[in-house]
Amino acid sequence: MNTAWFDELEERIPTENVRTRFAPSPTGYMHVGNLRTALYTWLIARSGGGKFILRIEDTDQGRLVEDAAALIYITLRRCSLTWDEGPDVGGPVGPYIQTERRDIYARYAARLVEMGSAYRCFCSKEETEKLHESGLKHCPCRSHTPDEAQAKKDTGLPYVIRQRIPEGGQTTFTDAVFGAITVENETLDDHVLMKSDGLPTYNFANVVDDHLMGITHVVRGSEYLSSTPKYNLLYEAFGWRIPVYIHCAPVMRDAQNKMSKRHGDPSYEDLVAQGFLSEAIVNYVALLGWSPRGVYAEREFFTLTELSEVFDIDGISKSPAIFDLEKLKYFNANYLRALSPEDFYRGALPYLQKAVATPHVDLTLIAPLVQPRCDTWEDIAPQVDFIDALPVYDNALYCHKKMKTDEENSLDALQAVLPLLEGLDNWTYDTIHDALTGLATRLELKNGRIMWPVRTALSGKAVTPGGAVELCQILGQDESLRRIRHGIAQLSI
């Protein structure tokens, strides 16, 4: 066996103490479980002072989605999960796209065949299906001698390469979350390493790439626990170091069901489209199956930098985590409230422009009023939908026990307010405020007896961002007076 080619690859393997990888398939949007895997992988690298590698696993050509790889880059960057090596930034052990590495897999698979740890299988799809139906773990091709296998290969018959699983004994591995796990080898089948199209399967490509890229820690879902013994048998066959495994319990929609796009559960892109901040999503996702410890045990809110400082593998739970959209809204609301007025306005502007079409309305006046009342950006529109058009409303809105207002005294209040506001030459917050509070003082009324009827007439709603003065300022003098006149007419019927 000529080992020079293999030796050259082995010499390129990096030797950092911590090297992690996120290896998504470009088959659609990033769902919450994928994002959590990327986040934990990134945090392990950063907390350990190591490298985070992005690798694209595109060997399942039948499931590829156009532009999905670009969406992976966009999502990770939006979440500030920057990578040290990857398809677009390069690195010492590229290429970082699996279809560009097919020659590497083919040579390592052939090496396994030569070593006796794999074999060529010439069974047709129908024969393989019958084999599975019969419950047999191994196909007849396993017993071919090297000469018999070579003779079949020379005829041009299509074939796959299968791993030769030991017929007896056990395979034991240790997972950082679930501990030591032992599997009887007789329960494992001779799974395919290389497909007939010359591309590797997910399992084989992962093992080869993780070794050649010097990956020290592998984060993946607990559904891969059953595949891990097969990986380890490959590592042992090649004499390679086995990485640290961190299998994470699934993210669930409820106690019985995993999250699924098919069932309408949101992807990262969906959540952003629904008005959630990336920072809030990342913070919440970090806590879906991981808990801070020590002095941080009761803390919920972390920046990404803070997470990289406190994250440890021991905090990962064996139990599934349930995704709670209301809990995410709670996180998002806190993040929105913590934004500076300038940052909030920048983020809110597209939503304000979509919600308010009336020209000359100063959107900078609206933003600080809605900021304390938003769980997501999408909460802006329902709060300001009265600005473009006064909704039809019932006179019962003028009745407020706390303000001690009813339809009759509300009519009196609006009739007193109208000429006062008509006479204002300078329409500013201060002049409007002084006019309305001054009227209440002269009439020996509490401010609410004037403000509530005005706010109702201006908005036609029981709840608004800001009070009567703010709404007058936003709507402008002409529109405010028009709505007050409308309120007077409606109460006079």
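Before reading further, recall that the structure is shown in the block above.
Residues numbered from 1 in each chain as written. Predicted model: local features only at pLDDT ≥ 70, side-chain atom pairs only at ≥ 80, totals over all residues. Heavy atoms only, no water.

Chemist: What exactly am I supposed to notice about the nonpolar core here?
Modeler: Proteins that are soluble and globular tend to have nonpolar side chains buried together. Grouped together as the largest cluster of nonpolar side chains are 52 residues, with contacts concentrated most on Ile366, Ile387, Leu421 and Leu436. The contacts of Ile366, once residues within four sequence positions are left out, are Leu352, Val356, Val361, Val384, Ile387 and Ile474. Judged by nonpolar contacts, the second largest core, of 47 residues, contains Phe22, Val282, Phe311 and Leu328. (Core = buried A, V, L, I, M, F, W, Y, C linked by side-chain atoms within 4.5 Å. Buried < 20%, exposed > 50% of the residue type's maximum accessible area, 1.4 Å probe, protein only. Contact = heavy atoms within 4.5 Å.)

Chemist: Please clarify how helix 3 (residues 68-78) should be interpreted in this entry.
Modeler: Within an α-helix, residues lying three or four positions from one another point in the same direction, as the helix has 3.6 residues per turn. All of the buried residues along helix 3 are Ala68, Leu71, Ile72, Tyr73, Thr75 and Leu76. Close packing links the buried residues of helix 3 with strand 1 (19-22), helix 2 (32-47), strand 2 (51-54) and helix 9 (268-273). Count one or two residues on from helix 3 and you reach Ser80, which has phi positive near 65 degrees. (Helix = DSSP H or I, 4+ residues; strand = E, 2+ residues; numbered from the N terminus.)

Chemist: Can you walk me through the packing of aromatic side chains in this structure?
Modeler: What characterises a pair of aromatic rings is the spacing of the ring centres plus the angle enclosed by the ring planes. The full count for this structure, using the stated rule, is 24 aromatic pairs. Ring geometry for Tyr108 against Trp240: centres 5.5 Å apart, planes inclined by 70 degrees, an arrangement best described as edge-to-face. One end of the pair, Tyr108, is in helix 4 (residues 102-115); the other, Trp240, is in the loop between helix 8 (228-238) and strand 9 (244-248), with 132 residues separating them in the sequence. By the burial criterion, Tyr108 is buried, and Trp240 matches it. Each member of the aromatic cluster is reached from another via a ring pair, and the members are Trp5, Phe6, Tyr108, Tyr235, Phe238 and Trp240. Directly above the aromatic system of Trp5 lies the positively charged group of Arg107, at a separation of 4.3 Å from the ring centroid. The cationic tip of Arg111 hangs over the ring face of Phe6; the distance from NZ or CZ to the ring centre is 4.2 Å. (Phe/Tyr/Trp six-rings, centres within 6.5 Å; stacked < 30°, edge-to-face > 60°. Lys NZ or Arg CZ within 6 Å of the ring centre and 35° of its normal.)

Chemist: When you look at the environment of Ser291 in this model, what are you seeing that I'm missing?
Modeler: Tracing the chain through its elements places Ser291 in the loop between helix 10 (278-286) and helix 11 (304-310). Sequence separation between Ser291 and Ser317 is 26 residues, and the spatial gap between their C-alpha atoms is 7.7 Å.

Chemist: Before we go on, may I ask you to explain the side chain of Thr228 in this structure?
Modeler: Within the secondary structure, Thr228 sits in helix 8. Side-chain polar atoms of Thr228 contact the side chain of Arg220, separated by 3.1 Å. Once residues within four sequence positions are removed from consideration, Thr228 is found in contact with Phe173, Arg220, Tyr245 and His247. (Polar contact = N/O pair within 3.5 Å; in protein donor to acceptor, adjacent residues only side chain to side chain.)

Chemist: Is there a simple way to think about the packing of helix 19 (residues 468-475) against helix 20 (residues 477-492) in this case?
Modeler: Two quantities define a packed helix pair, namely the angle between the axes and the distance from one axis to the other. Taken N-terminus to C-terminus, the directions of helix 19 and helix 20 make an angle of 120 degrees; their axes are 6 Å apart at the nearest point. Taken together, the axes of helix 19 and helix 20 lie oblique to each other. Judged by residue contacts, Leu471, Cys472 and Leu475 of helix 19 engage Gln477, Glu479, Ser480 and Arg483 from helix 20. Considered class by class, the residues forming the contact of helix 19 with helix 20 number 3 nonpolar, 2 polar and 2 charged. (Axes fitted to C-alpha atoms, helices over the stretch in contact; angles between N-to-C directions. Parallel < 35°, antiparallel > 145°, perpendicular 65-115°, else oblique. Nonpolar A, V, L, I, M, F, W, Y, C, P; charged D, E, K, R; others polar.)

Chemist: Whenever I open this one, helix 8 confuses me. Can you help?
Modeler: The element helix 8 is largely enclosed, with a buried count of 9 among its 11 residues. Considered for burial, the residues of helix 8 that qualify are Thr228, Pro229, Lys230, Tyr231, Asn232, Leu233, Leu234, Tyr235 and Phe238. Of the residues trailing helix 8, Gly239 is marked for its positive phi of about 75 degrees.

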